[in-house]
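In case you want the letters, here they are:
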Amino acid sequence: MKVTVIGAGNVGATAAECVARLDVAQEVVMVDIKEGMPQGKALDMMESGPIHGFDTRITGTNDYGPTENSDVCIITAGLPRSPGMSRDDLLAKNTEIVGGVTEQFVEGSPDSTIIVVANPLDVMTYVAYEASGFPTHRVMGMAGVLDTGRFRAFIADALDVSIRDVQALLMGGHGDTMVPLPRYTTVGGIPVTQLLDDDTIDNIVERTKGAGGEIVDLMGTSAWYAPGAAAAEMTEAILKDNKRILPCAAYCDGAYDLHDLFIGVPVKLGTDGVEEIIEVELSSDERDSLEASAEHVHGNLEDLERLREEGEIG
Ligand SMILES: NC(=O)c1ccc[n+]([C@@H]2O[C@H](COP(=O)([O-])OP(=O)(O)OC[C@H]3O[C@@H](n4cnc5c(N)ncnc54)[C@H](O)[C@@H]3O)[C@@H](O)[C@H]2O)c1
């Protein structure tokens, strides 16, 4: 099993390290345009192998030769947010980067599965899908695992319980329009709605929606520990054919009455990538929120089309 991580910056290096520590791949290759940087980080990680106890071989490169025959590729190459920026502000620049790296990668790994991390996530996943020529089930975006991770962490904190017992579902785009679903959130099998009052749940939902921005405001750039771990968890599910049920940005063309877009929905994740989209029953409010989120993603896709027509993006 071989995993390529494109972009060896904060999220990419963390994802590579998390994959190595899970010991699910024989090889992890990090690619970046910065000379020496992916090679140096790879060496540093390799030297932590004897301490952590993983056998994964980690290498760094500035070209795509060493990535050939990868099983999974995590695309983190792209600009991150700075304070005051929305994820959508990254659209033009990151489209060029994500489209370009995808084309170069798929040449040597035509049978792989791609996990996109770069923002704006739902649109960048569409860009990678178009550039790869892959079937939709082998391209997906990482956002829901991170966003539910944040949601679960805040719930565990509010209840003073183990994070391991909190399960949550969250749908929609990766941004302010995401749709956390407290009705489908449980603590040790008990609906969270029986354990926390409405105001507390509302506050946690709002904090989850703004959790990425909360970190950008504190650090001046976007998060990487949880995003890297989330991409690695998805990679593990694919490599081990775990059939995990995880929220991922998957291609919807009919599911939830949504059409021709990648957006966060619960999926079954295994060797074939997105093996199934799980359709859960939604209340009319939840459906309205999901539709509003999908509209936002469609708006971004229209912006992308316009920028292409105006020649702003190649
Ligand atoms: N989906 C999510 O939930 C989520 C979470 C956090 C960050 N992100 C996004 O992930 C992306 C990366 O964030 P980061 O914090 O790691 O940024 P970073 O700046 O630390 O790393 C990005 C890396 O990409 C590299 N890069 C740029 N162009 C490249 C190219 N053409 N080929 C190869 N490498 C290239 C850069 O040299 C840099 O090392 C950003 O777009 C950020 O917004 C998404």
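Above this text you will find the structure in question.
Computed from a predicted model, the values in this text were never measured in an experiment. (Residues numbered from 1 in each chain as written. Predicted model: local features only at pLDDT ≥ 70, side-chain atom pairs only at ≥ 80, totals over all residues. Heavy atoms only, no water.)

A. Molecular detail of the pattern of salt bridges. Counted by the stated rule, this structure contains 14 salt bridges. With a closest N to O distance of 3.1 Å, Arg308 and Glu130 form a salt bridge. Residue Arg308 is found in helix H9 (residues 284–309), and its partner Glu130 is found in helix H4 (residues 121–132); the two are separated by 178 residues along the sequence. By relative accessible area, which is 27% here, Arg308 ends up partly exposed. Judged by relative accessible area, Glu130 falls into the partly exposed class, the value being 39%. As a salt-bridge pair, Glu275 and Lys243 come within 2.8 Å of each other at their nearest N and O atoms. With a gap of 32 residues between them, Glu275 in strand E14 (residues 273–277) and Lys243 in the loop between helix H8 (225–239) and strand E12 (244–252) connect regions that are remote in the sequence. If you follow the salt bridges from partner to partner, you end up with Glu130, Glu305 and Arg308 in one network. (Salt bridge = Lys/Arg side-chain N within 4 Å of Asp/Glu carboxyl O. Helix = DSSP H or I, 4+ residues; strand = E, 2+ residues; numbered from the N terminus. Buried < 20%, exposed > 50% of the residue type's maximum accessible area, 1.4 Å probe, protein only.)

B. How the structure looks around helix H2 (residues 37–52). In this model, H2 (16 residues) spans 22 Å end to end at C-alpha, consistent with the 22 Å of a helix rising 1.5 Å per residue. Among the residues of H2, Met37, Pro38, Ala42, Met45, Ser48 and Gly49 are the ones counted as buried. The arc that holds the buried residues of H2, viewed along the axis, is 130 degrees, so those residues lie on one side. Seen from the buried face of H2, the exposed residues on the opposite side, beyond 90 degrees, are Leu43, Asp44, Glu47, Pro50 and Ile51. Among the structural elements, helix H1 (10–22), strand E2 (27–31) and strand E3 (57–61) are those in contact with the buried residues of H2. Directly after H2, the chain includes Gly53, whose backbone phi takes a positive value near 90 degrees. (Expected span 1.5 Å × (residues − 1). Arc of directions from axis to C-beta. Contact = heavy atoms within 4.5 Å.)

C. Main features of the packing of helix H5 (residues 144–159) against helix H6 (residues 198–209). Two elements in contact, H5 and H6, have axes whose closest approach is 9 Å; the angle formed by their N-to-C orientations is 145 degrees. Seen along the crossing, H5 lies across H6 with a hand that is right-handed. Contact residues: Asp147, Phe151, Phe154, Ile155 and Ala158 in H5; Ile204, Val205, Arg207 and Thr208 in H6. Residues of the contact of H5 with H6, tallied by class, amount to six nonpolar, one polar and two charged. (Axes fitted to C-alpha atoms, helices over the stretch in contact; angles between N-to-C directions. Left-handed = near helix turned anticlockwise from the far one by under 90°. Nonpolar A, V, L, I, M, F, W, Y, C, P; charged D, E, K, R; others polar.)

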